[in-house]
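Structural features, examined
As a plain string of letters, each chain reads:
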Amino acid sequence: MSDDINLLVKKDKNLLKEQSKLKVFRLIAICSLLTILLISLSIFLLNQKLSNSSAEIEKDRESVLVEMKPFSEKEGKIIIVNNRIDNITKVLNKRMDVYKILNTILGKIPDGILIETLEFKEKKISMNITSYSLIPIDVFFNDLIEMAKRKEIVKGLTLESLDASSLTGSYKISIDMNI
Amino acid sequence: MDNLAREHIDINTLRVLYSRYKDFIVPFLVIVVVIGLFVKITIPTIADLLKGYEEQKIAIQTLENLRSKLSFVKTLDASSLTSQFNLVSKALPIVKDFDSILNAISDSSNKSGVAIGGFKFLVGSLSKEEEGNEYPTLNINLSLIGGTQAVDKFIGSLTKALPLSEITKVSAQKDASTVAIDFYYKPIKPSKYDDSLPINQISNDGLKLIDELSTFNIPQSPISDSVSTSDSVSTFSANPFF
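The rules behind these values
- Residues numbered from 1 in each chain as written.
- Chains lettered and ligands numbered in written order.
- Predicted model: local features only at pLDDT ≥ 70, side-chain atom pairs only at ≥ 80, totals over all residues.
- Helix = DSSP H or I, 4+ residues; strand = E, 2+ residues; numbered from the N terminus.
- Rg over C-alpha atoms; globule rule 2.2 N^0.38 Å.
- Buried ≥ 20, exposed ≤ 12 C-beta atoms within 10 Å, placed from the backbone.
- Contact = placed C-beta atoms within 7 Å.
- Nonpolar A, V, L, I, M, F, W, Y, C, P; charged D, E, K, R; others polar.
- Pairing = 2+ DSSP bridges.
- Expected span 1.5 Å × (residues − 1).
- pLDDT = per-residue confidence, 0-100.
- Axes fitted to C-alpha atoms, helices over the stretch in contact; angles between N-to-C directions.
- Left-handed = near helix turned anticlockwise from the far one by under 90°.

Regarding the overall build of chain A
Of the regular secondary structure elements, chain A holds four helices and four strands. Listing every helix and strand of chain A by position from the N terminus yields α-α-α-β-β-α-β-β. Expected size for 179 residues packed as a compact globule is a radius of gyration near 16 Å; at 48 Å, chain A overshoots this value by more than 25%. When the backbone C-alpha atoms are referred to their principal axes, chain A occupies close to 150 × 65 × 20 Å. Looking at chain A residue by residue over its 179 residues, the buried ones come to 15%. A separation of at least 24 residues holds for 43% of the contacts in chain A among residues at least 6 apart in sequence.

Structure below.
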């Protein structure tokens, strides 16, 4: 006899299938419920532990802060000293050493040259000099040209004017230097 | 009539379905509720827990920093720190320090032997901090009695005096010269105390700089109290030093 025409057998098989599905479904439901419970419990315990240790850390922090209070002036001073050192270094790197520049240029002026005027402004030096001989002027110029070639202080050199006075026998020279 | 029949059919269908799947309803609801709980409560709680651990990590680091700060501050020599503090504060004051500036000018004048003909302060606002300038300055124009050599001597002396300054303009003639000087200062911006930040000890370069600054002139001579300043420009034609 074929199973296809045996309705009773088919029904039992279907029922068994349904029941096993239900069992699996119930098992999944119970397992998920247990899992969520376990996770919740674990989170609760971990949270408790975390808040306990956080409270302990906060307590330690408070006690260290209390201990630090007498040294707050020292702490402030060392912070300011470090801050000032940083800023002083930046200022020293930024500022132009005008004394060194002027001293070097004035040091190159040989005897026999008189400085009439000297102007320094915005990386530019203008000089008016007088001499009764062209020799010291030549020496001074050569030194300045050498400095400009080596880019030592003087970056550019311009001879603005050279006047010779037959009355006084002197030479008046105007020079511009870019530094 | 048709609608009524369809409704009856639907109700019947539902009844059949209910009777067939009624055992599945409770487990199904449990699974749905569990999924809902997991998404709405468990996941955010886990995220909060992880955030709490991160915060605790930072708190532990802060505590370690505080402890190391405490032990470092305890080892600092108070007198040496105070002298370093005074020196760097003199070199770069936090405010427009007229007293130190006038002392520096007076001292440089004495040391170089160059007499001062007059001076003019370009003060600016006394209350507001200069905006947009990383290193604000207090400008002073000085008239010197003497030519190029006198200017050179004076500048040489002033370069080695505190507070730090920069010569911005020189105009020297035979017997009289003028010099424009910028004296630096740097206000300290107010900041909230952050105990998580460590304190650095003074670097070797910093110590070298302090040694270098200690060779500078730190003028102490008292200046006449008769100096007064206006909000914009103060001019003194009389020589206050000689």
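Don't stop here, the text continues.
A short note on the interface of chain A and chain B
Taken together, the contacts link 53 residues of chain A with 60 residues of chain B. Those elements giving two or more residues to the side of chain A that touches chain B turn out to be helix 1 (7-68), helix 2 (72-94), helix 3 (98-107) and strand 1 (113-121) of chain A. Of all the elements, helix 1 of chain A adds the most residues to the side of chain A that touches chain B, at 23 residues. Looking at the side of chain A that touches chain B residue by residue, the classes come out as 30 nonpolar, eleven polar and twelve charged. In this sheet, strand 3 (residues 165-172) of chain B lies alongside strand 1 of chain A in antiparallel orientation, the contact comprising four bridges. Following the sheet pairing, leucine 118 of chain A is matched in strand 3 of chain B by alanine 172 of chain B.

Describing the environment of isoleucine 57 of chain A
Tracing the backbone through its elements, the reader meets isoleucine 57 of chain A in helix 1. When the 16 C-beta atoms within 10 Å are taken as the criterion, isoleucine 57 of chain A is described as partly exposed. Apart from residues lying up to four places away in sequence, isoleucine 57 of chain A is in contact with Gln56, Ala59, Ile60 and Leu63 of chain B.

Quick look at the pairing of strand 2 (residues 124-131) of chain A
Residues and elements named next belong to chain A. As defined by bridge partners, strand 1 adjoins strand 2 across eight bridges and the pair is classed as antiparallel. The partner of leucine 118 across the bridge, within strand 2, is methionine 127. Connecting strand 1 to the next strand, strand 2, in antiparallel fashion are two residues, including glutamate 122 with a positive phi near 45 degrees. Taken together, the eight bridges between strand 2 and strand 4 (residues 170-178) define a ladder with antiparallel strand orientation. If you follow asparagine 128 over to strand 4, its bridge partner there is serine 174.

Section: the environment of serine 171 of chain B
You can see serine 171 of chain B is positioned in strand 3. With residues up to four places along the chain from it excluded, the contact list for serine 171 of chain B reads Glu119 of chain A together with Ser177 and Thr178 of chain B.

A short note on helix 4 (residues 148-159) of chain B
With twelve residues, helix 4 of chain B extends 16 Å from end C-alpha to end C-alpha; this agrees with the ideal 16 Å at 1.5 Å per step. Helix 4 of chain B sits mainly inside the fold: nine of its twelve residues count as buried. Taken together, the buried positions of helix 4 of chain B are occupied by Thr148, Val151, Asp152, Lys153, Phe154, Ile155, Ser157, Leu158 and Thr159 of chain B. Here the buried face of helix 4 of chain B lies against helix 3 and strand 1 of chain A together with helix 3 (98-112), strand 2 (137-145), strand 3 and strand 4 (176-184) of chain B.

With respect to the confidence of the model for chain B
Residues and elements named next belong to chain B. When pLDDT is averaged along chain B, the result is 82, and 82% of the positions lie at 70 or above. Taken as a whole, residues 222-242 scores under 50 in pLDDT and shows 30 contacts with residues more than four places along the chain or in a different chain. What the predictor reports for the complex is a pTM of 0.72 with an ipTM of 0.72.

Re the pairing of strand 3 (residues 156-165) of chain A
Residue and element names in this part refer to chain A. Of all ten residues in strand 3, zero are buried, a share of ten percent or less. Where strand 3 meets strand 4, nine bridges bridge the pair, whose relative direction is antiparallel. Across the sheet, residue leucine 162 finds its bridge partner in strand 4, namely isoleucine 173. Following strand 3, the chain reverses through four residues before pairing antiparallel with strand 4; glycine 169 in that reversal takes a positive phi of roughly 75 degrees.

Focus on the packing of helix 3 of chain A against helix 4 of chain B
Put simply, helix 3 of chain A and helix 4 of chain B touch, their axes get as near as 9 Å, and they point 145 degrees apart. Crossing angle aside, the handedness with which helix 3 of chain A passes helix 4 of chain B is left-handed. Residue-level inspection shows Val98, Tyr99, Leu102, Asn103 and Leu106 of chain A of helix 3 of chain A in contact with helix 4 of chain B, the latter providing Thr148, Asp152, Ile155, Gly156 and Thr159 of chain B. Grouping the amino acids of the contact of helix 3 of chain A with helix 4 of chain B by side-chain chemistry returns five nonpolar, four polar and one charged.

Thoughts on unusual backbone geometry
Across the junction of leucine 162 of chain B and proline 163 of chain B, the peptide omega takes the value 5 degrees, indicating a cis bond. Here proline 163 of chain B lies in the loop between helix 4 and strand 3. Unlike most non-glycine residues, glutamate 122 of chain A shows phi in positive territory, near 45 degrees. Tracing the backbone through its elements, the reader meets glutamate 122 of chain A in the loop between strand 1 and strand 2. Given 8 C-beta atoms within a 10 Å radius, glutamate 122 of chain A is considered exposed. In this structure, isoleucine 153 of chain A is a non-glycine residue whose phi angle is positive, near 65 degrees.

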